Amino acid sequence: MQIDAVAEDLGRQALRAAIARDQAGLQEALEAIAEADPALRERVLPIYCAIGKQALISIYGGARASQEQNLEMARQIRRKEASWAAVEVRELWEMLEGLSLDEHVPQMAVERLPITLFVVVRNLLACCTETSGYATSYDCLVAIVSDLDQQPGP
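Any details on the nonpolar core? Residues and values, ideally.
Nonpolar side chains in soluble globular proteins tend to be buried together. Tyr48, Ile51, Phe118, Leu124 and Leu125 are the most contacted members of the largest nonpolar core, which has 50 residues in total. Those elements giving two or more residues to this core turn out to be α1 (5-19), α2 (23-35), α3 (38-59), α4 (67-81), α5 (89-100), α6 (113-132) and α7 (137-150). When residues of this core are assigned to their parent elements, the largest contribution, 10 residues, is made by α6. Other than its neighbours up to four places away in sequence, Phe118 contacts Gly11, Ala14, Leu15, Ala18, Leu26, Leu30, Ile33, Val44, Leu45 and Tyr48.

Here it is in structure tokens:
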């Protein structure tokens, strides 16, 4: 997968805000993505979906998460993020299912996809960091981006 550095950086601003649990910063970053050139904007979310998918696979040792595992993780994410992010268990589960199964299209309002994605990726990177020995979520992110960039694909 060819990672567009400009699109990845645009999304990284949203991820930084999510990691900091900065609601206003995340909203600003999402607005910047929405206002970007359409060709650039269309590359941001697929990159972060690929990052989330890679982190989720890493968490489960190369296996795909089951629906039950995704539901439990969605509940955990909701508990952790309820103080700053208005995301619901169903949305989180839908996103996790979408990351687990290529054929699953998350069933939620389209405007809810970006915030849900970045909250999920924030948590997946934190989990991946704990299980993989990376010092920070950013170290884990850099490793995943590097790995994805070396993989063949569109």
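Run through α7, naming residues and quoting values.
Counting along an α-helix, one turn takes 3.6 residues, and residues three or four places apart therefore face a common direction. Along its 14 residues, α7 runs 20 Å from first to last C-alpha, staying within 8% of the 20 Å computed at 1.5 Å per residue. Taken residue by residue, α7 has Ser137, Cys140, Leu141, Ile144, Val145 and Leu148 as its buried positions. The buried residues of α7 occupy an angular sector of 130° when projected down its axis, which confines them to one face.

Before we move on, can you summarise the packing of aromatic side chains with the specific residues and values?
Overall, the coordinates contain 1 aromatic pair when judged by the stated rule. Plain terms: the ring middles of Tyr48 and Phe118 are 5.2 Å apart, the flat faces sit at 50° to each other, and that makes the pair tilted. You can see Tyr48 sitting in helix α3 and its partner Phe118 sitting in helix α6, a full 70 residues away along the chain.

Please provide a residue-by-residue account of unusual backbone geometry, values included.
Of note in this structure, Arg21 is not a glycine but carries a positive phi near 55°. Positionally, Arg21 belongs in the loop between α1 and α2.

Please set out the packing of α3 against α5 residue by residue, giving values where relevant.
Here α3 crosses α5 at 80°, and the two axes come no closer than 9 Å. Our classification of the angle between α3 and α5 gives roughly perpendicular. Along the contact surface, α3 presents Cys49, Gly52, Lys53 and Leu56, while α5 presents Leu96, Leu99 and Ser100. Looking at the contact of α3 with α5 residue by residue, the class counts come to 4 nonpolar, 2 polar and 1 charged.

Scoring rules and cut-offs
- Residues numbered from 1 in each chain as written.
- Predicted model: local features only at pLDDT ≥ 70, side-chain atom pairs only at ≥ 80, totals over all residues.
- Heavy atoms only, no water.
- Core = buried A, V, L, I, M, F, W, Y, C linked by side-chain atoms within 4.5 Å.
- Buried < 20%, exposed > 50% of the residue type's maximum accessible area, 1.4 Å probe, protein only.
- Helix = DSSP H or I, 4+ residues; strand = E, 2+ residues; numbered from the N terminus.
- Contact = heavy atoms within 4.5 Å.
- Expected span 1.5 Å × (residues − 1).
- Arc of directions from axis to C-beta.
- Phe/Tyr/Trp six-rings, centres within 6.5 Å; stacked < 30°, edge-to-face > 60°.
- Axes fitted to C-alpha atoms, helices over the stretch in contact; angles between N-to-C directions.
- Parallel < 35°, antiparallel > 145°, perpendicular 65-115°, else oblique.
- Nonpolar A, V, L, I, M, F, W, Y, C, P; charged D, E, K, R; others polar.

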